Amino acid sequence: MNVAGIDFGTTNSSVALQTGDARIELASFTFLGSETLSSRSVLYFEQSRAAGGMKRTHGLSGSAAIERYLESDEKGRLIQSMKSHLTSRSLTGTEVFGRRHRLEELISRILSDLRKQAEKQFARQIVNAVVGRPVHFVGAETDEDDDFAVARMREALQLAGFERVEFELEPVAAAYTYESALDHDEVILIGDFGGGTSDFTLLPLGPEARKRSHGSREMLGYSGVGVAGDAFDARIVKKLVSPALGSNSEARSLNKILPAVPAWIYANLERWHHLSFLRTNNVREILRSARVRALEPEKIEALIAIVEQDLGYQLHQAVQRVKFALSQHESAEFRFHDGGLDLRIPVTRREFEAWIAEDLKAIEASIDSLLRAAGISPRDVDRVFLTGGSSFVPAVRRIFSCRFGKERIRGGHEFTSVAQGLALRAQQNCDAP
Ligand SMILES: Nc1ncnc2c1ncn2[C@@H]1O[C@H](COP(=O)(O)OP(=O)(O)OP(=O)(O)O)[C@@H](O)[C@H]1O
Ligand SMILES: [Mg+2]
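Residues numbered from 1 in each chain as written. Chains lettered and ligands numbered in written order. Predicted model: local features only at pLDDT ≥ 70, side-chain atom pairs only at ≥ 80, totals over all residues. Heavy atoms only, no water.

Draft legend 1. Local environment of the packing of aromatic side chains. This structure, assessed with the given rule, holds 9 aromatic pairs. Considering the side-chain rings of Phe392 and Phe415, the 6.3 Å spacing of their centres and the 40° angle between planes classify their relative orientation as tilted. With Phe392 in the loop between β21 (383-387) and α13 (394-404) and Phe415 in the loop between β22 (409-411) and α14 (417-431), the pair connects residues that are 23 residues apart, well separated along the chain. For Phe392, a relative accessible area of 40% gives the class partly exposed. Judged by relative accessible area, Phe415 falls into the partly exposed class, the value being 40%. (Phe/Tyr/Trp six-rings, centres within 6.5 Å; stacked < 30°, edge-to-face > 60°. Helix = DSSP H or I, 4+ residues; strand = E, 2+ residues; numbered from the N terminus. Buried < 20%, exposed > 50% of the residue type's maximum accessible area, 1.4 Å probe, protein only.)

Structure (structure tokens):
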């Protein structure tokens, strides 16, 4: 039937397809020489000079975008976490090298490249898809906001060449993946922790539940919140990186002591792909004058180096590295070694957990409201399945071990469970009478 499962994630995207018999296969991508089963949800635009001196803009997506960005001397524009802007009515698009691109067009570029890669690998045309969506998109305050985001996704899919598209909740898709290995029935709570959103669903799964369903599954409930890995990164920038770049530093101005650099400049660092917006004359002037007056001029100097050399991506990578290290170890070192800078800052997991405490609370509230609304006590949940990249964070896992006990928690397929489940769902649609 060639109905692909498409997980367009805030950070990573994957495609899965039923190929032979009941087998689901994932499209593979190459990133810096290694094979991966997901592609980064990023775009990169650069300009080249064509014959006759005319400038031409060239766009790339996924791994190719990052590879090109890293190898080019004169950096173009990297755009990421586009999914998190889908609810914003004010963000209609962005200008790149003097041309306006609508958000739907930008996203369609990623979706179209994913489709082409899958078509090439599976040697068949793919125009139908089951596509994942979070329970609530980042920034959604009402159902209308979520509907608005879905409509924009639908348009992006259409622009990318998809004809028939159905949406499924991402945690429900992850549930199908978990179910594919089950030989008995269970009531299961799924937690999918990504870059933009944390999503939950509670439902009975297994061979009997599947037989009973006749195509439409019995759901006990779902919930979600627009807080996940990107929010954790922003906390690391605010609490660890920005202070090293002078966010707490002061400057002498006449007889007063004032913050050296206005806070809004650091807010742009928290969303690293906004960093390139700081290369303006206005910001240059603010930073130059701050460097002269600052009581810690070396910190402002470091900030200037990062802004001038457009090191947002490298900074973000350093933040990712320290976050990943803290998933494994009780302490780690933030290390940024680029553009003539060598920043090293020790950090403990305990500190990181204190920085993300509010985010963890929002996640806990979402899980508790789901259980309450479903009228299910944690005792009645047989198993918890945690997936998505941010499920590696120990404090996230602890939320579940406290409520359900370690022995009931399972995890796996962190970056592929949603795409795989969407393809399973596509298959079950076809099998349904
Ligand atoms: N070992 C790790 N420890 C902590 N965080 C991690 C780890 N590995 C990946 N992450 C985080 O997981 C997130 C990406 O996960 P994933 O690919 O599941 O998200 P996504 O599907 O793109 O996003 P969403 O589902 O919200 O749209 C990123 O924020 C990344 O930093
Ligand atoms: Mg995801």
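Draft legend 2. Representation of α13 within the structure. By the burial criterion, the buried members of α13 are Pro394, Ala395, Val396, Ile399, Phe400 and Phe404. Count one or two residues on from α13 and you reach Gly405, which has phi positive near 85°.

Draft legend 3. How the structure looks around the environment of Arg212. The residue Arg212 is located in helix α5 (residues 207-213) in this model. Taking C-alpha positions, Arg212 is 64 Å from Ile300, a pair spaced 88 residues apart along the chain. Aside from chain neighbours lying at most four places away, what touches Arg212 is Asp185, Pro204 and Glu218. (Contact = heavy atoms within 4.5 Å.)

Draft legend 4. Representation of the domain arrangement of the protein within the structure. What the domain assignment lists for the protein is domain 1 (3-185 + 413-431) and domain 2 (230-355). Taken over C-alpha atoms, the centre of domain 1 sits 30 Å from the centre of domain 2. Each partner contributes to the interface: domain 1 provides 14 residues, whereas domain 2 provides 10 residues. The junction of domain 1 with domain 2 conceals about 1,000 Å² of combined surface from both sides, 48% of it contributed by carbon and sulfur atoms. (Domains from an automatic or database assignment. Buried area = accessible area lost by both parts, 1.4 Å probe.)

Draft legend 5. Highlighting the layout of surface pockets. Each pocket or cavity is described by its volume, and for the largest pocket that value is around 750 Å³. Thr11, Asn12, Gly195, Gly389 and Phe415 are, among the 38 residues lining the largest pocket, the residues nearest its centre. Elements represented by at least two residues in the lining of the largest pocket include exactly β2 (12-18), β14 (186-193), α6 (229-244), α10 (312-328) and α14. In terms of residues, the lining of the largest pocket owes the most to one element, α10, which gives 7 residues. Looking at the lining of the largest pocket residue by residue, the classes come out as 6 nonpolar, 21 polar and 11 charged. A domain split of the lining of the largest pocket shows at least three residues from each of domain 1 (3-185 + 413-431) and domain 2 (230-355). Of the volumes computed, that of the second largest pocket is approximately 260 Å³. (1 Å grid on protein atoms, 1.4 Å probe; cavity = no way out; pocket = protein on both sides within 12 Å on 5 of 7 lines; lining within 4 Å. Points joined across faces, edges and corners; volume = space filled by probe spheres on them. Nonpolar A, V, L, I, M, F, W, Y, C, P; charged D, E, K, R; others polar.)

Draft legend 6. Region of the structure containing the sheet that holds strand β9 (residues 77-80). Taken together, 3 strands build an open sheet; the order of strands is β8-β7-β9 and the sheet is antiparallel. Among the strands making up the open sheet, the edge pair consists of β8 (55-61) and β9. When strand polarity is set aside, the average angle formed by the axes of neighbouring strands in this sheet is 20°. Pairing geometry for strand β7 (residues 42-49) and β9, over 4 bridges, is antiparallel. Counted as the bridge partner of Val42 is Gln80 from β9. (Pairing = 2+ DSSP bridges. Axes fitted to C-alpha atoms, helices over the stretch in contact; angles between N-to-C directions.)

Draft legend 7. Broad picture of the site of ligand 1. Of all residues adjacent to ligand 1, which total 23 residues, the nearest are Thr10, Thr11, Asn12, Lys83 and Ser327. Backbone polar atom of Thr11 to an oxygen atom of ligand 1: 2.6 Å apart, as the coordinates give it. Coverage of ligand 1 by the protein chains reaches 93% of its 660 Å² of free accessible surface. Put simply, ligand 1 lies in the largest pocket. Counting residues per element, the shell around ligand 1 draws most heavily on α10, at 4 residues. Residue classes in the shell around ligand 1 are distributed as 5 nonpolar, 14 polar and 4 charged. When residues of the shell around ligand 1 are sorted by domain, at least three fall in each of domain 1 (3-185 + 413-431) and domain 2 (230-355). (Near = heavy atom within 4 Å. Polar contact = N/O pair within 3.5 Å; in protein donor to acceptor, adjacent residues only side chain to side chain. Areas by Shrake-Rupley, 256 points an atom, 1.4 Å probe, with all protein chains shown as cover. Sits in = over half its atoms within 2 Å of the grid points.)

Draft legend 8. Inspection of the environment of Leu70 at higher detail. By secondary structure assignment, the location of Leu70 is in helix α1 (residues 62-71). Leu70 gets classed as partly exposed once you look at its relative accessible area, which sits at 38%. Sequence spacing of Leu70 and Tyr313 is 243 residues, and the spatial spacing of their C-alpha atoms is 9.2 Å. Setting aside chain neighbours within four positions, we find Leu70 in contact with Lys75 and Tyr313.

Draft legend 9. Local environment of the packing of helix α8 (residues 281-293) against helix α9 (residues 297-308). Where α8 meets α9, the axes come as close as 9 Å, and the angle between the chain directions of the two elements is 155°. Classified by the angle their axes make, α8 and α9 are roughly antiparallel. Like other packed secondary-structure pairs, α8 and α9 cross with a definite hand, here left-handed. Each of Arg284, Leu287, Arg288, Ala290 and Arg291 in α8 lies in contact with α9, whose residues at this interface are Pro297, Ile300, Glu301, Leu303, Ile304, Val307 and Glu308. In terms of residue class, the contact of α8 with α9 is made up of 7 nonpolar, no polar and 5 charged. (Parallel < 35°, antiparallel > 145°, perpendicular 65-115°, else oblique. Left-handed = near helix turned anticlockwise from the far one by under 90°.)

Draft legend 10. Molecular detail of unusual backbone geometry. One non-glycine residue with positive phi stands out, namely Ser81, at about 55°. Inspection of the secondary structure assignment puts Ser81 in the loop between β9 and β10 (93-96). Given the relative accessible area of 4%, Ser81 is considered buried. The phi torsion at His413 lies on the positive side, around 45°, for a residue other than glycine. Assignment of secondary structure puts His413 in the loop between β22 and α14.

Draft legend 11. Spatial organisation of the packing of α6 against α10. Two elements in contact, α6 and α10, have axes separated by 10 Å at closest approach and are oriented at 100°. Between α6 and α10, the angle is such that the two are roughly perpendicular. Of α10, the residues touching α6 (which contributes Gly229, Phe232, Asp233, Ile236, Val237 and Val241) are Leu315, His316, Val319, Gln320, Val322 and Lys323. Counted by class, the contact of α6 with α10 contains 7 nonpolar, 3 polar and 2 charged residues.

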